[in-house]
Protein chains: 2
Amino acid sequence: MPVYNAPIRDMRFVFYELLDGAELQQLPGFDEVDEETLVAILEEAGRFCAEQLLPINRSGDEEACCYEDGSVRTPQGFKTTYTAFIKAGWNSIAFDPEYGGQGLPKSLHVMVDEMINATNMSFGLYPGLTHGAWTALSSYASDRLKDHYFPKMAEGIWSGTMCLTEPHSGTDLALLRTKAVPQDDGSYLISGSKIFITAGEHDLTENIVHLVLARTPDAPPGIKGISLFLVPKLLDDNQGKPKTPNGVSCGSIEHKMGIKASATCTMNFDSAQGWLVGEVNQGMRAMFKMMNTERLAVGIQGIGIAEAAYQNAAHYARERLQGRAPGGATHPDLPADPLTVHPDVRRMLLTMRSYAQGMRALGLWIARELDIAGKHPDADRRRQADGFIALMTPVAKALFTDLGTEVANLGVQVFGGHGYIREHGMEQFVRDARIAQLYEGTNGIQAMDLAGRKLPMEDGRLIRHLLDPINAYLDSRAHDERLTKFVEPLKTATIQLDRATTHILQAGRNAPAEIGSAATPYLRLLGITALAYLWARMAETGLAGSHGTEAEFYRAKVKTARFFIEHLLPQTHGLTASVLAGASSLMDFDDEAW
Amino acid sequence: MPVYNAPIRDMRFVFYELLDGAELQQLPGFDEVDEETLVAILEEAGRFCAEQLLPINRSGDEEACCYEDGSVRTPQGFKTTYTAFIKAGWNSIAFDPEYGGQGLPKSLHVMVDEMINATNMSFGLYPGLTHGAWTALSSYASDRLKDHYFPKMAEGIWSGTMCLTEPHSGTDLALLRTKAVPQDDGSYLISGSKIFITAGEHDLTENIVHLVLARTPDAPPGIKGISLFLVPKLLDDNQGKPKTPNGVSCGSIEHKMGIKASATCTMNFDSAQGWLVGEVNQGMRAMFKMMNTERLAVGIQGIGIAEAAYQNAAHYARERLQGRAPGGATHPDLPADPLTVHPDVRRMLLTMRSYAQGMRALGLWIARELDIAGKHPDADRRRQADGFIALMTPVAKALFTDLGTEVANLGVQVFGGHGYIREHGMEQFVRDARIAQLYEGTNGIQAMDLAGRKLPMEDGRLIRHLLDPINAYLDSRAHDERLTKFVEPLKTATIQLDRATTHILQAGRNAPAEIGSAATPYLRLLGITALAYLWARMAETGLAGSHGTEAEFYRAKVKTARFFIEHLLPQTHGLTASVLAGASSLMDFDDEAW
């Protein structure tokens, strides 16, 4: 069975030593969340994930969800574990205390989420969807709906879904056809079919709260005619118990590459009773609210898988004896040296490690800004946080999930042929991680969101939320010789990023194809540069601690940083060249010749 | 079901227009293989693969091989199709006519192999292993063994295996423990356990010929004490029929990520009778002979999957309507435009296309040199071909299989969420392709073979077999303005490759860790530069044909070349930087800190 040790020391390092997480306590409502409390919660969460979620990850993959006559049975152990999960309060960490939530910081929620995804990504999707639905409802639903649904959702005995996709309408929601017919009592009758609905039907909760995109009868065509509705699986009976079927049925579940313990459902709505969330024809706004939260959450899945794959690969490489070190045996008493003596294995491990830890730093930076955006007393500071979040959400989603897949694949590679065998669990990481590049908007869509929607915002100045802190850092460290080997390559990458940004903003103004052509390499260029900035700063913090009581931990930070800067950051050269090469060789290809 | 059209026009282009394949006919024994004959065979092969192998690819994956009481049942349809396959002669294309083979060129074999892998990689492994075993036997086995085994292997009614790996001995064969005890009659009794044996047991043939690495009682330790033995599953009875069990049994099969219709077996040898192949303690030589053939064959698996993924992604992207073109609707009459209007989708398709076609060109270049090395009357020309093959075999294996996985993943991405669903077959390409990066020596081992073994050969001049033709081409085209945009970036990459080579040769002399540290990015740098060279030449050939009767085909070559040179070749910058960064940040990491 795969190993897992929750990376709490690293989370503390990032949050308190790199990001000034202590400031968090000064935000309203967080005064009790000091470092000791936060670490105690993380330790409890780490224990729960390692002891309860990890043991049913492989078995859940093998057994998968089972569909029978409209019902979905989750794999053995999922129901018991889910009950333990909600009892322990893990479902309600970040929910509003007004409705029974614990109101803890989103930063903490992100850390716990990483652990859940590292140990059982399929499991995490059930509470994850409830969280997404909550986010959309909390901004747009009436108090009546909130009062009715939130307490049960916080408790975890009712779960949530997002019903967007239809067979002919995936990325392009303008094509969706599900209908909502208004009734005299103010409710609507919803009819239509949705596909790819995560947690659309399952046996973990007594009711399921569907958020459904649909069109009212006189809605304008396209995305301007889409409204959002809350449609419960079961309606309440006279005693307020969810009993009465509401015309919502699961027609089948998908057989997928991975996340097999997560039910991906075809949902049929047949005059199901629903209630409007927000205003008519304003469904996309609410959906985007939910999607933004979910996009960061999906990014965190990439971090979780990367961390798990790294830990297992490192563990295996230390134990597995094969071959001899390039300079001669390091363990002549053993039949062979451990895999860790081989430079190419070290390259793989350091790639995995530096990506996983770098992503964690960037993910927590974004999460901290989410807390600030939600709670900070100063409106300017909140706006600044909002800008940073808007810029970095598509990056977190696409970069983290692309790297999650890369790291999972390296994990298989470190195991050699054994990595391909199901029993070791390494190939499951690859299969599970793969979905995260696709759902909540494919990574190509994220890149378009970044290059086409976010870059032009604030008159093209949104990118300053990233470039300004990097440039300020570069200026302040320009004469620190200990840092030259980190700061100089970062400076080169930052200049490349600046140039690529200008190219997209200028070329895209007259030729929109220039944006889409550059979007994917641009997103990665931005993401890798952001990681390099964080690695430079982590190296600096690491240097400061390299002679103290935890010298090994800090020295490893410095060394991982050096590897990242020397061996991974240079990919920015090729990415920049691709952005600057422009659209013509992409758009010029004749459609008949594909 | 996935689509497949055998890319015969492209094979002809590469072989006859790019590589002067017509010279092939002048080699002894190939005088009847003119273009017309070759194309006729390819058409027949393409039909067989599309009509017989493709339909059982998905079903074979779903059903998988089944183990019961020592027997392995291949999925439905495999036995019938295998019988049709050998009856049609596809098993014996390249085998020696002396033993019933057709003696056709290896180049042709590689083209047919690509089609087999594109339509059913699992199926292809059964005849593929027979081919590998044949190669080792043909160089080292006694005439008595050849006379007995080759006719049945050529006919395909007996199949072959390679039994190398043991649980504790994968990459490091020095650790292997299987014993071979000599008998008075000149045979040996083989005892030991082997794992990961492809086609070790199955129901397709009446006998299985195992090639087994083992140690004789007084063998020296390590790889110098390894001998190769031929061990049949069944011994002949008095009538020469394979009837008598020979102490060879299959203990279990592996449950794997992919290639599920290929039986991966644990094989137990319990005093099984075997015969020495070659000389005692010289088993590694024979094994490497076989491995080199197999390594190119594994590379071809990467090409096959890449071609199949590309064709299906292109097909889907043309049909699927979603969103509108960046400059406004191209199909205002339809509810949405096809996916091909989106620049980022075009980027994915062109990446897939340029990798698949570029790999085909490089693969056929190597295959042609194999024919020359085997048949050319001039010893110098044969030696030159041998040098090129030695250099490029690890590149073909690792680069093609890495790119096979990348392209398969892009195929899933073009399909969006639908790519993750098993029914469309796109995720199977990812799972099947993944093994090719692991078996026959992991891609890290290939990189070490290239950087550590091949580069220093011929006093460090082996690389000239690639650099000389590239430099000659660059010189001869230096003043051709039509080609500047292809030739200039190629020149930059070639200078980088030269510099990286020199670095490895020099730094590696005193510090062997420098070789392993640089090996993986170096292999890719070399491989991408080789593809760029071929793309520059394909662009030139394409320009020449751009106004003829097949203008569309040739123009697509030029445009694909331009995309490759502008958007993919620039990755060499980062690879070069990583090679030149050296080993220190890899080797410096403390082993306790992983």
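Look a little higher up for the structure.
Residues numbered from 1 in each chain as written. Chains lettered and ligands numbered in written order. Predicted model: local features only at pLDDT ≥ 70, side-chain atom pairs only at ≥ 80, totals over all residues. Heavy atoms only, no water.

**Side note on the pairing of strand β4 (residues 179–182) of chain B**
Residue and element names in this part refer to chain B.
Here's step 1: Note: β4 against strand β5 (residues 188–198), 4 bridges, orientation antiparallel. In the strand pairing of β5, valine 181 is matched with leucine 189.
Here's step 2: With antiparallel pairing between neighbouring strands as the criterion, β4 and β5 make up a hairpin whose turn holds 5 residues, including glycine 186 at a positive phi of roughly 90°. (Pairing = 2+ DSSP bridges. Helix = DSSP H or I, 4+ residues; strand = E, 2+ residues; numbered from the N terminus.)

**Here we look at the environment of histidine 376 of chain B**
Residues and elements named next belong to chain B.
Here's step 1: Summarising the element assignment, histidine 376 is placed in the loop between α8 (343–375) and α9 (379–415).
Here's step 2: Residue class for histidine 376 comes out partly exposed when judged on its relative accessible area of 21%.
Here's step 3: Once the C-alpha coordinates of histidine 376 and glutamine 26 are considered, the two residues, 350 residues apart in sequence, prove to be 8.8 Å apart.
Here's step 4: Those residues in contact with histidine 376, other than ones at most four positions away along the chain, are Leu27, Asp371, Arg381 and Arg382. (Buried < 20%, exposed > 50% of the residue type's maximum accessible area, 1.4 Å probe, protein only. Contact = heavy atoms within 4.5 Å.)

**A closer look at the relation of the copies chain A and chain B**
Here's step 1: Rotating chain A by 180° and moving it 0.0 Å along the rotation axis overlays it on chain B with an RMSD of 0.0 Å. What the superposition gives is, in effect, a two-fold axis relating one chain to the other.
Here's step 2: Most of the interface of chain A is mirrored in chain B, where 100% of its interface residues are also at the interface. (Least-squares fit on C-alpha atoms with pLDDT ≥ 70 in both.)

**Remarks on the interface of chain A and chain B**
Here's step 1: At the interface, 91 residues of chain A touch 91 residues of chain B.
Here's step 2: Buried surface at the junction of chain A and chain B, both sides included, amounts to about 7800 Å², of which 57% is carbon and sulfur.
Here's step 3: On the chain A side of the contact with chain B, Arg346, Tyr420 and Trp594 of chain A bury the most area, a combined 12% of that side's loss.
Here's step 4: Summed over the shared surface of chain A and chain B, the number is 10 salt bridges.
Here's step 5: In this structure, the connection of chain A to chain B is made through 60 residue pairs in polar contact (both at pLDDT 80 or more).
Here's step 6: Ranked by residue count, the leading element in the side of chain A that touches chain B is helix α16 (residues 551–568) of chain A, at 9 residues.
Here's step 7: Of the residues assigned to the side of chain A that touches chain B, the class counts are 36 nonpolar, 31 polar and 24 charged. (Buried area = accessible area lost by both parts, 1.4 Å probe. Salt bridge = Lys/Arg side-chain N within 4 Å of Asp/Glu carboxyl O. Polar contact = N/O pair within 3.5 Å; in protein donor to acceptor, adjacent residues only side chain to side chain. Nonpolar A, V, L, I, M, F, W, Y, C, P; charged D, E, K, R; others polar.)

**So, a negative patch on the surface**
Here's step 1: Side chains of Asp96, Glu98, Asp143 and Asp147 of chain A sit close together on the surface and give a patch of like negative charge.
Here's step 2: Along the polypeptide, glutamate 98 of chain A turns up in the loop between α4 (78–87) and α5 (106–140). (Patch = residues over 30% accessible without salt bridge, like charges linked within 9 Å, V, L, I, M, F, W, Y side chains within 5 Å. Areas by Shrake-Rupley, 256 points an atom, 1.4 Å probe, with all protein chains shown as cover. Lys, Arg positive; Asp, Glu negative; His and termini not counted. Charge placed at Lys NZ, Arg CZ, Asp CG, Glu CD.)

**Thoughts on empty space enclosed by the protein**
All names here are of chain B.
Here's step 1: In the structure shown here, the tally under the stated rule is 1 cavity of 30 Å³ or more.
Here's step 2: Counted as a void, the largest cavity has a volume near 40 Å³.
Here's step 3: In this structure, the largest cavity is lined by Val110, Met111, Glu114, Ile300, Ile303, Arg360, Gly363 and Leu364.
Here's step 4: Those elements that place two or more of their residues in the lining of the largest cavity are α5 (106–140), α7 (283–319) and α8.
Here's step 5: Per-class residue counts for the lining of the largest cavity are 5 nonpolar, 1 polar and 2 charged. (1 Å grid on protein atoms, 1.4 Å probe; cavity = no way out; pocket = protein on both sides within 12 Å on 5 of 7 lines; lining within 4 Å. Points joined across faces, edges and corners; volume = space filled by probe spheres on them.)

**Considerations on the environment of arginine 353 of chain A**
Here's step 1: The topology assignment puts arginine 353 of chain A in helix α8 (residues 343–375).
Here's step 2: Note on arginine 353 of chain A: relative accessible area 9%, which makes it buried.
Here's step 3: For the pair arginine 353 of chain A and tryptophan 158 of chain A, spaced 195 residues apart in sequence, the C-alpha to C-alpha distance is 38 Å.
Here's step 4: Once residues lying within four places of it in the same chain are set aside, the contact partners of arginine 353 of chain A are Tyr310, Trp535, Ala556 and Thr560 of chain A together with Phe589, Ala593 and Trp594 of chain B.

**Description of the packing of aromatic side chains**
Here's step 1: Summed over the entire model, instances satisfying the criterion amount to 42 aromatic pairs over all chains.
Here's step 2: Judged by centre distance (5.3 Å) and plane angle (90°), the ring pair of phenylalanine 553 of chain A and tyrosine 554 of chain A falls under edge-to-face.
Here's step 3: By relative accessible area, which is 22% here, phenylalanine 553 of chain A ends up partly exposed.
Here's step 4: Owing to a relative accessible area of 10%, tyrosine 554 of chain A belongs among the buried residues under this scheme.
Here's step 5: Residues tyrosine 355 of chain B and phenylalanine 564 of chain B carry aromatic rings whose centres are separated by 6.2 Å and whose planes lie at 80° to one another, so their mutual orientation is edge-to-face. A residue pair is termed long-range when its members are at least 10 positions apart, and tyrosine 355 of chain B in helix α8 and phenylalanine 564 of chain B in helix α16 (residues 551–568) qualify at 209 residues. Here tyrosine 355 of chain B matches phenylalanine 564 of chain B in class, with each residue buried.
Here's step 6: What links up through ring pairs into an aromatic cluster is the set Phe48, Phe78, Tyr82, Phe85 and Phe123 of chain A.
Here's step 7: Its end group placed over the ring of phenylalanine 553 of chain A, arginine 9 of chain A keeps NZ or CZ at 4.3 Å from the ring centre.
Here's step 8: Stacked on the ring of phenylalanine 288 of chain B, the Lys or Arg arginine 453 of chain B has its end atom at 5.7 Å from the ring centre. (Phe/Tyr/Trp six-rings, centres within 6.5 Å; stacked < 30°, edge-to-face > 60°. Lys NZ or Arg CZ within 6 Å of the ring centre and 35° of its normal.)

**Let's talk about helix α2 (residues 35–53) of chain B**
Residue and element names in this part refer to chain B.
Here's step 1: Helix length check: α2, at 19 residues, gives a terminal C-alpha distance of 25 Å against a target of 27 Å (1.5 Å per residue), a fit within 8%.
Here's step 2: Here α2 has its buried residues at Leu38, Val39, Ile41, Leu42, Ala45, Gly46, Phe48, Cys49 and Leu53.
Here's step 3: Residues of α2 that are buried in the fold lie against α1 (8–18), α3 (57–63), α4 (78–87) and α5. (Expected span 1.5 Å × (residues − 1).)

**Points about the pattern of salt bridges**
Pairing is possible between side chains that carry opposite charge, provided their charged atoms lie close to one another.
All names here are of chain A.
Here's step 1: A complete count under the given rule lists 62 salt bridges over all chains for this structure.
Here's step 2: As a salt-bridge pair, arginine 360 and glutamate 114 come within 2.7 Å of each other at their nearest N and O atoms. Here arginine 360 is found in helix α8, whereas its partner glutamate 114 is found in helix α5, with 246 residues between them in sequence. Here arginine 360 and glutamate 114 have matching classes, each one buried.

**Side note on unusual backbone geometry**
All names here are of chain A.
Here's step 1: In this structure, serine 271 is a non-glycine residue whose phi angle is positive, near 50°.
Here's step 2: Looking at where serine 271 falls in the secondary structure, it is placed in strand β11 (residues 264–277).
Here's step 3: Even without glycine at this site, glutamate 440 takes up a positive phi of about 55°.
Here's step 4: Turning to its location among the elements, glutamate 440 is positioned in the loop between α10 (426–435) and α11 (443–454).
Here's step 5: Since its relative accessible area comes to 16%, glutamate 440 is described here as buried.

**Some points on the pairing of strand β11 (residues 264–277) of chain B**
Residues and elements named next belong to chain B.
Here's step 1: Of all 14 residues making up β11, 10 are buried, and the element is well covered by its neighbours.
Here's step 2: Where β5 and β11 come together, 8 bridges link them in antiparallel fashion. In the strand pairing of β11, isoleucine 197 is matched with cysteine 265.
Here's step 3: As defined by bridge partners, strand β7 (residues 227–232) adjoins β11 across 3 bridges and the pair is classed as antiparallel.

**A closer look at the side chain of arginine 353 of chain B**
Here's step 1: Although arginine 353 of chain B is buried, it makes no salt bridge; aspartate 10 of chain B carries the closest opposite charge, 6.7 Å away.
Here's step 2: A polar contact of 3.1 Å, which involves the side chain of arginine 353 of chain B, links it to the side chain of threonine 560 of chain B.
Here's step 3: Among residues more than four places away in sequence, those in contact with arginine 353 of chain B are Phe589, Ala593 and Trp594 of chain A together with Tyr310, Trp535, Ala556 and Thr560 of chain B.

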